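# Observations on the three-dimensional arrangement
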Amino acid sequence: MVVDNAAVNYTIRDGVAVITLNNPPVNGLGLSTRTGIVEGLARANSDAAVTAIVITGAGKAFSGGADITEFNTPKATQEPTLHTVIKEVEKSVKPVVAAIHSVAMGGGLELALGAHYRVAAPGAQIALPEVKLGILPGAGGTQRLPRAIGLEPALNMIVSGAPVPSEKLAKSGLFDAMIEGDLLTEAVAFARKAADKQGPHPLVRNRKIEHANAEGFLQFSRNTVGAMSKNYPAPVKCIDAIAAGVKEGFEKGLAFERDCFVELVQTPESRALRHAFFGERAASKIPDVPSSTPVRDIQKVAVIGAGTMGGGITMNFLNAGVPVTLLETKQEALDRGLATIRKNYEAQVKKGKLTQEKAEARMALISPTLSYDDLKQADLIIEAVFEELGVKEQVFKRLDEVAKQGAILASNTSTLDVDKIAAFTKRPQDVVGLHFFSPANVMKLLEVVRGKDTAKDVLATVMQVAKKIRKTAVVSGVCDGFIGNRMIEQYVRQALYMLEEGALPAQVDRAIEKFGFAMGPFRMSDLAGNDIGWAIRKRRYQEKPDLKYSKIADRLCETGRFGQKTGAGWYDYKAGERNALPSKLVDDMIVAYSKEAGVERRKISDDEIVERLVFALVNEGAKILEEGIASKASDIDMVYLTGYGFPLWRGGPMLYADTVGLYNVARSIRRYAAQPNGDAWEIAQSLADKADNGGTFN
Ligand code: 3HC
Ligand code: NAI
């Protein structure tokens, strides 16, 4: 017999009712799924031919938890809520067995914890990942998991949100049986046996939390977790909720957990984390490239240039088990590149992050070469040679001669025009930009630069490749600096203007780091090398002679202070150390520069620093959206969260602007536009319009 609610299937097998969650992609517990479970339970309990009930999930999950898309919508609180569903499970007279496979996360695990029995297939990911969304388990997870597996392991799982493989939990008290064979067949057999037992059937809520010194442990956890998660309210709330259950019992703990959930789901931090979760997934979808677009088979990769970027790019593929042919012009350069890759792996071995054996296996996947003939078999070729159009031209013309038909030809250029590069070949449809960030083996971000002729299947393929090498790929149109660097240029421009007007590097860095950036612009520049920005500015002076820039950074570079690599930059550095020490010499130089430029220095507040830096990003981001360089605001946020150290709990510049309110953002921009150096503040039309209409970017 089959009775279907859209999101739940109900069948009967050997006298056991099987309630199968069927809400792709991950059986999220949305309203229709919850309703279906409750209906299934009622049906099974009123059918005399049914002796027991199994709840399981169709497809690739038992359940990924509450449906996050319903948060802050009426459906989230509409009955039956997940609390009600779990109560119905607990109240079932006939035993309920949760048959877990693949994924049991969040509300999915909480549902299973309400069941009388749990059986699991090995390899399932078990987690309460709610903290990662800025909330806490809100359907009894903080109460039942400690009762199921013990206080300490449960607290670790809840506070970290990290998944644990089911087999590691085999003896934890969570599962009544691990099932190696066919999960459903054996779950049904288990349920039939359970039905033979006298009721009432066991409930996790009735178990005791045993711990020699629960209070001490909870206090210790609160201190350590509190210190580690300063900007995130959820982790400490998780501990508070667990503590409430330990101290005051299950029901009071449950009520407290519920209150905390309602409070946390409204916080800007949770909104930001959920935005990042969906933003990451949304970034992989390109509006005019449907998911049905065929992809090219990528088995063999080649990288040209074994320098800073080429080496890091190569490592990404080695780490994913993909062989790489690495090409250089000279043996010495090749040897140097290989040695750097080896050194990086050895550092990981030393830290215990990688075994020597694995490091060797990865190195063995590299085929070093000096000959383009060895690139003939490559499916994807990524160029990371010097940033000069002439050199790129040589390389792409040569690639056009040797690469096989259908090979994807990618450039890692950070500033050059990908369309021009594509035009060096007779196959511009196969050319794409793959802009990795340094260090390329570490940084999550990959800007995929879509040329005017780039074929859709090339885009679909590189997005899939990005997933394989665990990058967050964001598509950018062709423009100077693409999404990330084009925006950062306006941010740096503001930083330099503020030095001229009255701030000093340490104040600017401190203010923006307090806002949450990993590193302020001057510490960052000292790390990356001040000469890089200098080279770009020199090019700008040629290309855009009208663009106004503070020349203060050029002055610094003229004295050879290129940053950490020369032992001096915006800051002083002691030999062998990376601590940025404010430099009297530089500060005096800045003050002298202001005087020379006829600027009367004034005190600039930290608020102004933050506004000018962040709103410069926002304004340029709005222009990038208007021009279609980015297809959605969340793409811009993903670039900043994964590549530029923007604080995650603020959700990226565009979400932050929405949070501040675009009316307020526009007002500030107009105010700065009226100040000296206001020429940098031409407000984006779309931002002005949204500010007028009460609109938002997201
Ligand atoms: N609700 C709604 N949609 C969800 C979802 C959820 N809980 N979890 C995943 N999805 C969607 C994704 O948005 C994505 O949609 P798309 O295809 O339209 O982009 C799709 O499912 C597939 O997701 P992934 O690309 O991440 O697929 P993977 O196979 O790589 O990973 C997963 C699957 C491990 C389940 C991963 O998606 C994940 O970690 N999801 C989040 C799980 C989570 O945080 N659950 C807790 C929810 S909050 C909760 O339960 C509150 C409760 O305590 C009351
Ligand atoms: P690099 O100078 O460290 O390495 C370039 C390598 O290319 C050198 O080893 C050189 O020998 C080799 N090379 C030069 N011409 C060649 C040719 N014709 N054939 C084969 N190899 C050749 O430079 P880096 O920093 O790795 O930059 C490479 C590219 O990556 C540039 O386009 C740069 O703009 C881009 N990029 C750099 C980033 C960075 O932070 N360094 C970040 C993102 C992109």
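Named according to an unreviewed UniProt entry, the protein chain is 3-hydroxyacyl-CoA dehydrogenase originating from Paraburkholderia bannensis. A UniProt comment under Pathway (unreviewed entry) is attached to the protein chain, and it reads "Lipid metabolism; fatty acid beta-oxidation." Quoted straight from UniProt, the Catalytic activity (unreviewed entry) entry for the protein chain says "a (3S)-3-hydroxyacyl-CoA + NAD(+) = a 3-oxoacyl-CoA + NADH + H(+)".

Counting buried positions over the six residues of strand β16 (residues 431-436) gives six, a clear majority of the element. Here β16 shows no split at all, with V431, G433 and H435 on one side and V432, L434 and F436 on the other all buried. Of the strand pairs in this sheet, strand β15 (residues 408-411) and β16 are connected by three bridges, and their pairing is parallel. By the bridge assignment, A410 is partnered in β16 with V432. Bridge count between β16 and strand β17 (residues 445-450): four bridges; the pairing is antiparallel. Across the sheet, the residue bridging to F436 is L446, located in β17.

Residue position: E328 is located in the loop between β12 (324-327) and α13 (331-350). Look at E328: it is buried, it has no salt bridge, and the nearest opposite charge is R336 at 6.7 Å. A polar contact is formed between the side chain of E328 and the backbone nitrogen of A306, at a distance of 2.7 Å. Setting aside its immediate chain neighbours within four residues, E328 contacts G305, A306, G307, A333, L334, T369 and L370.

The domain architecture assigned to the protein chain consists of domain 1 (2-264), domain 2 (301-476) and domain 3 (484-693). The straight-line distance from the C-alpha centre of domain 1 to that of domain 2 is 44 Å.

Below, the discussion takes up the site of ligand 1. The local shell around ligand 1 holds 23 residues, among which G107, E110, E130, R281 and K285 are the closest. Note that an oxygen atom of ligand 1 is positioned 2.6 Å from one of the side-chain N or O atoms of E130. When ligand 1 is considered free in solution it has 980 Å² of accessible area, and contact with the protein chains removes 77% of it. Looking at the shell around ligand 1, the elements that each hand over two or more residues are β6 (103-105), α4 (107-114) and α11 (268-283). If you tally residues by element for the shell around ligand 1, the top one is α11, at three residues. Considered class by class, the residues forming the shell around ligand 1 number twelve nonpolar, five polar and six charged.

Calculation criteria
- Residues numbered from 1 in each chain as written.
- Chains lettered and ligands numbered in written order.
- Predicted model: local features only at pLDDT ≥ 70, side-chain atom pairs only at ≥ 80, totals over all residues.
- Heavy atoms only, no water.
- UniProt positions renumbered as here; feature names shortened; annotations may be inferred.
- Buried < 20%, exposed > 50% of the residue type's maximum accessible area, 1.4 Å probe, protein only.
- Helix = DSSP H or I, 4+ residues; strand = E, 2+ residues; numbered from the N terminus.
- Pairing = 2+ DSSP bridges.
- Lys, Arg positive; Asp, Glu negative; His and termini not counted.
- Salt bridge = Lys/Arg side-chain N within 4 Å of Asp/Glu carboxyl O.
- Polar contact = N/O pair within 3.5 Å; in protein donor to acceptor, adjacent residues only side chain to side chain.
- Contact = heavy atoms within 4.5 Å.
- Domains from an automatic or database assignment.
- Near = heavy atom within 4 Å.
- Areas by Shrake-Rupley, 256 points an atom, 1.4 Å probe, with all protein chains shown as cover.
- Nonpolar A, V, L, I, M, F, W, Y, C, P; charged D, E, K, R; others polar.

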